[in-house]
Amino acid sequence: MSLLPLQDRGAIVAGGGGGIGRAVCARLLEAGAEVVSIDREGHPPPSGAGEIACDLTHSADVAAAVEAASARIGRIDLLVHCAGVTRDGPLTRLSDDDWRAVLAANLDSAFFLLRSAGPVLRAAGGGAVVLVSSINGERGKAGQANYAASKAGLIALGRTAAREWGRHHIRVNIVSPGWTETAMTATLSDELRQRAQAESALGRLGRPDEVAAAVLFLCSDASRHITGQVLRVDGGQLIG
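Cut-offs used in this document
- Residues numbered from 1 in each chain as written.
- Predicted model: local features only at pLDDT ≥ 70, side-chain atom pairs only at ≥ 80, totals over all residues.
- Heavy atoms only, no water.
- Helix = DSSP H or I, 4+ residues; strand = E, 2+ residues; numbered from the N terminus.
- Rg over C-alpha atoms; globule rule 2.2 N^0.38 Å.
- Buried < 20%, exposed > 50% of the residue type's maximum accessible area, 1.4 Å probe, protein only.
- Contact = heavy atoms within 4.5 Å.
- Lys, Arg positive; Asp, Glu negative; His and termini not counted.
- Charge placed at Lys NZ, Arg CZ, Asp CG, Glu CD.
- Pairing = 2+ DSSP bridges.
- Axes fitted to C-alpha atoms, helices over the stretch in contact; angles between N-to-C directions.
- Salt bridge = Lys/Arg side-chain N within 4 Å of Asp/Glu carboxyl O.
- Parallel < 35°, antiparallel > 145°, perpendicular 65-115°, else oblique.
- Left-handed = near helix turned anticlockwise from the far one by under 90°.
- Nonpolar A, V, L, I, M, F, W, Y, C, P; charged D, E, K, R; others polar.
- Polar contact = N/O pair within 3.5 Å; in protein donor to acceptor, adjacent residues only side chain to side chain.

A.B. asks: Honestly, the overall build of the protein in this entry has me stumped. Any pointers?
C.D. replies: When its secondary structure is counted, the protein shows eight helices and seven strands. Scaling as 2.2 N^0.38, a compact globule of 240 residues should have a C-alpha radius of gyration of about 18 Å, and the protein matches this with 17 Å. By the burial criterion, 50% of the 240 residues in the protein qualify as buried. Of the contacts made within the protein by residues no fewer than 6 positions apart, 69% connect residues no fewer than 24 positions apart. Computing the positive centroid from 24 side-chain charges and the negative centroid from 25, the protein places the two 6 Å apart.

In structure tokens:
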């Protein structure tokens, strides 16, 4: 039995087919929640989670997916946004398409999700929302103007939702990972990997299940008086 039980709770995980998203789905399932992932076609969640194909960059698709997930589960108490892409390059060389694609996938999708799911959470009497940002959204990162801006936007979006929705018993928090071993970071150079490890106070890189553990905490009743906060899961990388 999970130390942070979530029995009888319904959860939507946006981006549940990605590295961190799959780990989040697995953690929530282990804790007893009923989980539905909404993600692109061909990005399945782990066994046990429901799946709804959705283009998260289109507001109508997100609204339809939230409605379908709510109908399938019966109620939505938990909402986690894990979707994210990168298109790195020096700021002055980023194309309009590179900028817009990253902002659409990382930030627009979170706005669409919150706008669609907010009334569902209110109807359930409250709930918990977690947005997965990045320490690069806090500090900026050379070569990632689009990604860093999108992740910084998630922090502001989450804190705004926390202020607006607190009276409805909806908590909204942000998890800010450092370098985490996923398919996204696997394509990056050894030099960048070594630099990230050297920055870490713990001297190692993070794993998706460690980010998922923080998400589980923020979804659980153990964090029932926590909202509008940024929880770093970076091994001390940002303070290194």
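A.B. asks: In this structure, what is going on with the environment of Gly236? I would like to understand it.
C.D. replies: By the element assignment, Gly236 lies in the segment after strand 7 (230-233). When its relative accessible area of 15% is taken as the criterion, Gly236 is described as buried. In the structure, Gly236 is positioned 90 residues away from Asn146 in sequence and 24 Å away in space, judged by C-alpha atoms. Apart from residues lying up to four places away in sequence, Gly236 is in contact with Glu199, Ser200 and Ala201.

A.B. asks: Sorry, what's going on with the sheet that holds strand 1 (residues 10-14) here?
C.D. replies: Backbone hydrogen bonds are what pair the strands of a sheet, in a parallel or an antiparallel way. A sheet is described by the order of its strands in space; here seven strands give the open sequence 3-2-1-4-5-6-7, paired in parallel fashion. The sheet is open, and its two edges are formed by strand 3 (50-53) and strand 7, each paired on a single side. Mean inter-strand twist for the sheet, computed between neighbouring axes without regard to direction, equals 20 degrees. In the packing of helix 1 (residues 19-30) onto the sheet, the strands contacted are strand 1, strand 2 (34-39), strand 4 (78-81) and strand 6 (170-177), and the crossing angle to strand 1 comes to about 170 degrees. Against the sheet, helix 5 (residues 145-165) engages strand 5 (127-132), strand 6 and strand 7, with an angle of about 160 degrees to strand 6.

A.B. asks: Explanation requested: the pattern of salt bridges in the structure shown.
C.D. replies: When charged atoms on two side chains of opposite charge get close, those side chains can pair. All chains considered together, the criterion is met by 11 salt bridges. The residue Glu210 makes a salt bridge to Arg204 at a minimum N-O spacing of 2.6 Å. Here Arg207 ties to Glu210 by a salt bridge, and the two come within 3.4 Å at their closest N and O atoms.

A.B. asks: How should I be thinking about the packing of helix 1 against helix 8 (residues 208-219) in this particular structure?
C.D. replies: A pair of packed helices is captured by two measures, namely the crossing angle of their axes and the spacing between those axes. Between helix 1 and helix 8, the least distance of the axes is 8 Å, while the angle of their chain directions is 50 degrees. With respect to each other, helix 1 and helix 8 are oriented oblique. Considering how the two elements wind past one another, helix 1 and helix 8 form a crossing that is right-handed. Contact with helix 1, carried on its side by Gly19, Ile20, Ala23, Val24, Arg27 and Leu28, involves Pro208, Asp209, Val211, Ala212, Ala213, Val215, Leu216 and Cys219 of helix 8 and no other residues of that element. Tallied by class, residues from the contact of helix 1 with helix 8 come to 11 nonpolar, one polar and two charged.

A.B. asks: Could you clarify how one ought to interpret the side chain of Ser133 in this entry?
C.D. replies: Mapped onto the elements of the fold, Ser133 is located in the loop between strand 5 and helix 4 (136-139). When its relative accessible area of 3% is taken as the criterion, Ser133 is described as buried. Here Lys151 takes part through its backbone oxygen, which lies 2.8 Å from a polar atom of the side chain of Ser133. Those residues in contact with Ser133 that lie beyond four places of it in its chain are Lys151, Leu154, Ile155, Ile174, Val175, Ser176 and Pro177.

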